[in-house]
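Report on the structure
So you can see what is in the structure, the chains are spelled out below.
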Amino acid sequence: MKKNLIYATLLSLLFAGCEGVQPAASISTTLSGLIEGSTLTVAVGDKNYTLSQDGTYILKGTGPSDTLAIVNVTNDPNRPSNSMTIQSCALPSEANDTNVLEEINYSIVLKEINGTNTQHKTNDTNETNETKMLTESSPPSAHASSVDTLEITCKRIAFFNTYEVLRVTDGTSAGTTVIHGTEESNQTSPTYLTILGNRLFFAAKYDENNATTTLWVSDGTSEGTHTLENNITLPLSLTAIGESLYFRAIDGVHGSELWTSDGTIAGTKMVADIYEGSSSSTPDSFVKMGNSIYFGAYTATAGRELYSYDLTLKSLELVDIVAGSGNSSPQYLTLFDNALYFSATTPTTGRELYKYHPRTGVEFLGNIKSGTGDSSPTYFTPLGERLYFKATGDNIGTELFFYDGTSINPIDINSGIESSLPSELTVFNNSIYFSANNGGYGVELYHVNPSTQMLIDINTGASGSSATQLMVIGDKLYFGADDGVHGRELWQSDGSSTTIAADVVSGATGSNTYLLTASGSTLYFYAITNYPALWRYDSNGTTQPIKRLY
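Residues numbered from 1 in each chain as written. Predicted model: local features only at pLDDT ≥ 70, side-chain atom pairs only at ≥ 80, totals over all residues. Heavy atoms only, no water.

**Quick word on the overall build of the chain**
- Each helix and strand counted, the chain has 1 helix and 47 strands in total.
- The 550 residues of the chain split such that 52% are buried. (Helix = DSSP H or I, 4+ residues; strand = E, 2+ residues; numbered from the N terminus. Buried < 20%, exposed > 50% of the residue type's maximum accessible area, 1.4 Å probe, protein only.)

Rendered as structure tokens:
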């Protein structure tokens, strides 16, 4: 039985610690839908069934959550006689919201009624009167009034890029395979792994002999991984917005311009030639507000400025922050409080925090670094009525700041002109968690809500634990850290108690743990014992290696 799969993406990072090898890897944390086209054989006891008509079937959960799934079934004349094709198997919203289920088992109740087998749709309260007929293809059993249950399992899988090839895993060794490139020699360098619906988009080379980078799409299988051959090259800034992918690419006629794709060749097309002709506008930092997509782009007459593209009117509009050919170079576009916040630069303010709304226009929010100095705000992270970010201020170095709708306020973690260099701002437990250095304890884990304090001094003294790669799964925050005793290993916190979660390699050497992705209640990570390998950590505390990576 070929399983339905849910997958998560992993974005790029450089693994360290391999003896003689420095492989490029990819990491991320995004979950998405299920793969279409999986075939499921219907066999219950000594009877086999095939669906006699298409339809949507609501399946009652038999797993611990007892939630529902919806399966759209399409009859395929080319399929085996005792099978049905699963068009989609959507997890219930409550399962997606809690983000703690690795796999969910479902059942179709098959009943023999007067010699006719009928499948009843079920919901969480009772069975409806609607039925779908089933045909029994093997002799009926002696018990003419039995009730049988068909189990269906929907599993999550994760994509990841290690050693310059694209892999997929369902959490088992057998289910961890290369689906683009080959382990032996074909280094295709997949990047910008981006989930859209039930497919993965990415940029990669054709093969080791063709260095041209183009756009690819995958359903999680080798045979379902192919290039969208639209004569486009150098796809960059892949971003999923609604039901479409937006990115920039070159088609040989125009320069690097705004493109979109729905996963088909026909649906992969240029949206707008912003810098007309063969020149490039190099659009990036795509975000949707209202019915428009906003991004930064360049032309010779306007410089690099903020643009919007109306998805209904199919029209392009320039928001010219620095008049003429000057560049405001907007970056890190982020939605907060029904407006667009971003970093931009002007000759009079330097690079500072700006706000934009179509009704009110562009608003300069304040000179964090006085004069024409650059505060260079980044890591924009909304929480409640505050927008948190990292910036460099006057006389306080690079610290944590927040904007509350009225004013910009500093949080000086490393007092004075020295910098705490906050990074990896992550929302967890209604707080902002991040890594920072207060000057006395090294890089440790901090949180703010609304006061700021170090969560725990994992590695006592000035060396610090280098707590990084923060990742939330359910009610736990996971990260990599070195306490000076166990080496760099996997740690966890629920906000009040912080402990080591997995000591993969005993002793001070550590496993050089690097977190990859969360998939349901499972955390995938990279670790080194005698060799680099993919590992999994489940919320019940079980840690196990999955597969050697070379």
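There's more to say after this.
**Some details on the sheet that holds strand E33 (residues 386-393)**
- Here we have 4 strands laid out as an open sheet, ordered E32-E33-E34-E35, and antiparallel in their pairing. In this open sheet, the two edge strands, each paired with only one partner strand, are strand E32 (378-383) and strand E35 (408-411). Taking each pair of neighbouring strands and ignoring which way they run, the sheet shows an average axis angle of 30°.
- When strand E34 (residues 397-403) meets E35, the two strands line up antiparallel, connected through 4 bridges. Bridged to Leu-400 within E35 is Ile-411. (Pairing = 2+ DSSP bridges. Axes fitted to C-alpha atoms, helices over the stretch in contact; angles between N-to-C directions.)

**Topic: the environment of Gly-507**
- Secondary-structure assignment places Gly-507 in the loop between strand E43 (498-502) and strand E44 (514-519).
- C-alpha separation for the pair Gly-507 and Gly-487, spaced 20 residues apart in sequence, amounts to 6.8 Å.
- In contact with Gly-507, not counting residues within four places along its chain, are Val-485, His-486 and Gly-487. (Contact = heavy atoms within 4.5 Å.)

**Observations regarding the sheet that holds strand E36 (residues 423-428)**
- Reading across from one edge, E36-E37-E38-E39 is the order of the 4 strands in this open sheet, with antiparallel pairing throughout. The open sheet is flanked by E36 and strand E39 (452-456), the only strands paired with a single partner. Strand-to-strand, the axes of this sheet are offset by a mean angle of 35°, without reference to chain direction.
- Looking at chain direction, E36 and strand E37 (residues 431-437) are connected through 4 bridges and run antiparallel. Bridging from a neighbouring strand, Thr-426 pairs with Tyr-433 of E37.

**A look at the confidence of the model for the chain**
- When pLDDT is averaged along the chain, the result is 75, and 71% of the positions lie at 70 or above.
- The low-confidence segment residues 79-154, where pLDDT is below 50, has 235 contacts with residues more than four positions distant or belonging to other chains. (pLDDT = per-residue confidence, 0-100.)

**Concerning the pairing of strand E47 (residues 543-548)**
- Strand direction decides the pairing type here: strand E46 (residues 532-538) and E47, joined by 5 bridges, are antiparallel. By the bridge assignment, Arg-536 is partnered in E47 with Gln-544.
- Turn length for the E46-E47 hairpin, with the two strands adjacent in sequence and antiparallel, is 4 residues, and the turn residue Gly-541 shows positive phi of about 95°.

**Things to note about the pattern of salt bridges**
- Enumeration according to the criterion identifies 2 salt bridges in this entry.
- Between Arg-304 and Asp-284 there is a salt bridge; the shortest N-O distance is 3.2 Å. Taken together, the positions of Arg-304 in strand E26 (residues 303-310) and Asp-284 in strand E24 (residues 284-289) put the pair 20 residues apart, joining distant regions of the chain.
- By relative accessible area, Asp-284 is classed as partly exposed at 22%.
- The partner of Asp-538 in a salt bridge is Arg-536, and the shortest N-O contact between them spans 2.8 Å. Both residues of the pair, Asp-538 and Arg-536, belong to the buried class. (Salt bridge = Lys/Arg side-chain N within 4 Å of Asp/Glu carboxyl O.)

**Some details on the nonpolar core**
- Counting residues in hydrophobic clusters, the biggest one holds 16 residues, and the most contacted among them are Tyr-478, Leu-490, Val-504, Leu-523, Phe-525 and Tyr-537.
- Going through the elements one at a time, strand E40 (468-473), E43, E44, strand E45 (522-528) and E46 are the ones with two or more residues in this core.
- In this view, Tyr-537 contacts Tyr-478, Leu-490, Gln-492, Ala-501, Ala-502, Ser-521, Thr-522, Leu-523, Phe-525, Thr-542 and Thr-543; residues no more than four positions away in its chain are not counted. (Core = buried A, V, L, I, M, F, W, Y, C linked by side-chain atoms within 4.5 Å.)

**Remarks on the environment of Leu-313**
- Within the secondary structure, Leu-313 sits in the loop between E26 and strand E27 (315-319).
- When the C-alpha atoms of Leu-313 and Ser-292 are compared, they prove to be 9.4 Å apart, with 21 residues separating the residues in sequence.

**Details of the pairing of E24**
- Here 4 bridges tie E24 to strand E25 (residues 292-299), and the two strands are oriented antiparallel to one another. By the bridge assignment for E25, Lys-288 is matched with Ile-293.
- The hairpin turn running from E24 into E25, its antiparallel successor, is 2 residues long, and Gly-290 in that turn takes a positive phi close to 65°.

**Some details on the packing of aromatic side chains**
- Taken as a whole and judged by the stated rule, the model has 16 aromatic pairs.
- Geometrically, the ring pair formed by Phe-202 and Trp-216 is stacked, given 6.2 Å between the ring centres and 15° between the ring planes. Taken together, the residues span a long stretch of sequence, with Phe-202 in strand E17 (residues 199-207) and Trp-216 in strand E18 (residues 210-218) at a distance of 14 residues. Across the pair, Trp-216 and Phe-202 agree in class, each one buried.
- Aromatic pair Tyr-388 and Phe-402: ring centres 5.7 Å apart, planes at 45°, arrangement tilted. Separated by 14 residues along the polypeptide, Tyr-388 in strand E33 and Phe-402 in strand E34 bring together distant segments of the chain.
- Feature note: the residues Phe-286, Phe-295 and Tyr-307 constitute an aromatic cluster, connected by ring pairs.
- The cationic tip of Arg-386 hangs over the ring face of Phe-402; the distance from NZ or CZ to the ring centre is 3.8 Å. (Phe/Tyr/Trp six-rings, centres within 6.5 Å; stacked < 30°, edge-to-face > 60°. Lys NZ or Arg CZ within 6 Å of the ring centre and 35° of its normal.)

**Regarding unusual backbone geometry**
- Although it is not a glycine, Leu-234 sits at a positive phi angle of roughly 50°.
- Here Leu-234 is to be found in strand E20 (residues 233-241).
- Residue Leu-234 is classed as partly exposed on the basis of its relative accessible area of 45%.
- Non-glycine residue Ser-285 carries a positive phi angle of around 60°.
- Checked against the element boundaries, Ser-285 lands in strand E24.

**Examining the side chain of Glu-399**
- For Glu-399, the position within the fold is in strand E34.
- No salt bridge is formed by the buried Glu-399, whose closest oppositely charged neighbour, Lys-390, lies at an N-O distance of 10 Å.
- There is a polar contact of 3.2 Å between the side chain of Glu-399 and the backbone nitrogen of Asn-414.
- When neighbours within four sequence positions are excluded, Glu-399 is seen to be in contact with Phe-389, Lys-390, Ala-391, Ile-411, Asp-412, Ile-413, Asn-414, Glu-418, Ser-419, Ser-420 and Pro-422. (Lys, Arg positive; Asp, Glu negative; His and termini not counted. Polar contact = N/O pair within 3.5 Å; in protein donor to acceptor, adjacent residues only side chain to side chain.)

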